[in-house]
Amino acid sequence: MAAAAMAHEKLWTEKSTMNAAEKAYHEYMSKINSVPSQCTLASEISKARQHIKNSLERMDGIAALAASPGAELLDRLSSVEKENEKLRSIIDGLNNLVIDLHERVRSLESGSGKSAAPAKPAAAAPKPAAPAKKAEAEDDDDDVDLFGSEDEDEDKAAAELREKRLAEYAAKKSKKPALIAKSNVILDIKPWDDETDMKVMEQEVRKISADGLLLGAAKLVPLAYGIHKLQMSCVIEDDKISVDWLQEEIEKIEDYVQSVDIAAFNKI
């Protein structure tokens, strides 16, 4: 029976066909086993691409957030630079004014020196009296002084000329205006907060008056967080007004003024 069963099997008679089929089977199985690895690699690549995309989107968001405060900072810096340019122009103008005043003072002093110079020869006029003394020493035996009356007349004339020139010089000096020492001061007046009425504060400051004090122009300058300070210029006479006194008077306005600082101080 076994021989009969084996007679119907073609396994041994068609061995080459079976080998080809086995080879095809193994190739098919190898292809099936390689597919998951390819799928896994593709999924990893897609995940990496998605991660890079998410990272770029986050970086764009961070750049957008960083750009907005940077623009505000640039605006503040530009406003500060403009204020610095204005202050520099004001200081340059004040320096030119001080130089001009120094030159005027020098010219006035040189003019007064020239006007006072002619008075010196008048003071030296009595010197011709020396020959009379020598003549008296030589002519001790002569009781008659022939030149005495002429010397006395010359002394009187020289004295009168000297007195006249001294009087003229005193009159010119009295007419010359006295120089008054003055200073230009720029004050920074700071309020308590952004709710302080700056117009009312300026009105209260301008109520301060004294002999030798002249309040000038004022303007509002941004300080921080919406708060502005009042920058005011004034001219004071050094002999009558002191800067400390002016600061104390302004700080007495306690309802509006927090502090007072000196931004600039220049002699005129």
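To keep things clear, this report deals only with the structure shown in the data block. The structure presented is a predicted model; accordingly, all values stated were derived computationally and were not measured.

Some thoughts on the nonpolar core
Consideration 1: Core analysis: the largest hydrophobic core is formed by 19 residues, its most contacted members being Leu 187, Ile 189, Leu 213, Cys 234, Ile 236, Ile 250 and Val 257.
Consideration 2: For this core, the elements supplying multiple residues, two or more each, are strand S1 (182–191), helix H6 (198–206), strand S3 (227–237), helix H7 (243–251) and strand S4 (257–267).
Consideration 3: Ranked by residue count, the leading element in this core is S3, at 4 residues.
Consideration 4: In this structure, Ile 250 is in contact with Leu 187, Ile 189, Val 205, Ile 208, Val 257 and Val 260, ignoring residues within four places of it in sequence.

Quick word on H6
Consideration 1: Turning to H6, its buried residues number three or more, namely Met 198, Met 201 and Val 205. Here the buried residues of H6 occupy an arc of 55 degrees about the axis, which is enough to place them on one side. Relative to its buried face, H6 has exposed residues pointing more than 90 degrees away, namely Lys 199 and Gln 203.
Consideration 2: Each element contacted by the buried residues of H6 is listed here: S1, strand S2 (213–224), S3, H7 and S4.

Brief notes about a nonpolar patch on the surface
Consideration 1: Together, Tyr 25, Tyr 28 and Met 29 give the surface a local cluster of nonpolar side chains, amounting to about 330 Å² of exposed area.
Consideration 2: Checked against the element boundaries, Met 29 lands in helix H2 (residues 15–116).
Consideration 3: By relative accessible area, Met 29 is classed as partly exposed at 30%.

Concerning the environment of Val 257
Consideration 1: With respect to the helices and strands, Val 257 occurs in strand S4.
Consideration 2: On the accessibility criterion, Val 257 (2% relative accessible area) is buried.
Consideration 3: Along the chain, Val 257 and Val 205 lie 52 residues apart, while their C-alpha atoms are 9.3 Å from each other.
Consideration 4: Look past the residues within four positions of Val 257 in its chain and what remains in contact with it is Ile 189, Lys 190, Trp 192, Met 201, Ile 250 and Glu 251.

Quick word on the pattern of salt bridges
Consideration 1: Scanning all chains against the criterion turns up 10 salt bridges.
Consideration 2: A salt bridge links Lys 190 to Asp 261, with the nearest nitrogen and oxygen atoms 3.1 Å apart. Residue Lys 190 is located in strand S1, and its partner Asp 261 is located in strand S4; the two are separated by 71 residues in the primary sequence.
Consideration 3: The exposure class assigned to Lys 190 is partly exposed, which follows from its relative accessible area of 23%.
Consideration 4: On the accessibility criterion, Asp 261 (32% relative accessible area) is partly exposed.
Consideration 5: Several salt bridges share partner residues, and in doing so they unite Asp 211, Glu 237 and Lys 240 into one network.

Describing the pairing of S1
Consideration 1: Of all the 10 residues making up S1, 8 are buried; the element is thus mostly covered by neighbouring parts of the structure.
Consideration 2: Relative to S3, S1 is paired through 8 bridges, and the arrangement is antiparallel. Bridging across to S3, Asn 184 finds its partner in Val 235.
Consideration 3: In terms of strand pairing, S1 meets S4 through 9 bridges, oriented antiparallel. Note on S4: the bridge partner recorded for Ile 189 is Val 260.

Section: the sheet that holds S4
Consideration 1: Taken together, 4 strands build an open sheet; the order of strands is S2-S3-S1-S4 and the sheet is antiparallel. Each having just a single partner strand, S2 and S4 make up the two edges of the open sheet. Averaged over neighbouring strand pairs, the angle between their axes works out to 20 degrees when direction is ignored.
Consideration 2: The strands that H6 touches are S1, S2, S3 and S4; relative to S3, the one it contacts most, it runs at about 15 degrees.
Consideration 3: Running over the sheet, H7 touches S1, S2, S3 and S4 and is turned about 155 degrees from S4.

Thresholds applied
- Residues numbered from 1 in each chain as written.
- Predicted model: local features only at pLDDT ≥ 70, side-chain atom pairs only at ≥ 80, totals over all residues.
- Heavy atoms only, no water.
- Core = buried A, V, L, I, M, F, W, Y, C linked by side-chain atoms within 4.5 Å.
- Buried < 20%, exposed > 50% of the residue type's maximum accessible area, 1.4 Å probe, protein only.
- Helix = DSSP H or I, 4+ residues; strand = E, 2+ residues; numbered from the N terminus.
- Contact = heavy atoms within 4.5 Å.
- Arc of directions from axis to C-beta.
- Patch = residues over 30% accessible without salt bridge, like charges linked within 9 Å, V, L, I, M, F, W, Y side chains within 5 Å.
- Areas by Shrake-Rupley, 256 points an atom, 1.4 Å probe, with all protein chains shown as cover.
- Salt bridge = Lys/Arg side-chain N within 4 Å of Asp/Glu carboxyl O.
- Pairing = 2+ DSSP bridges.
- Axes fitted to C-alpha atoms, helices over the stretch in contact; angles between N-to-C directions.

In short, shape yes, function no, at least from these values alone.
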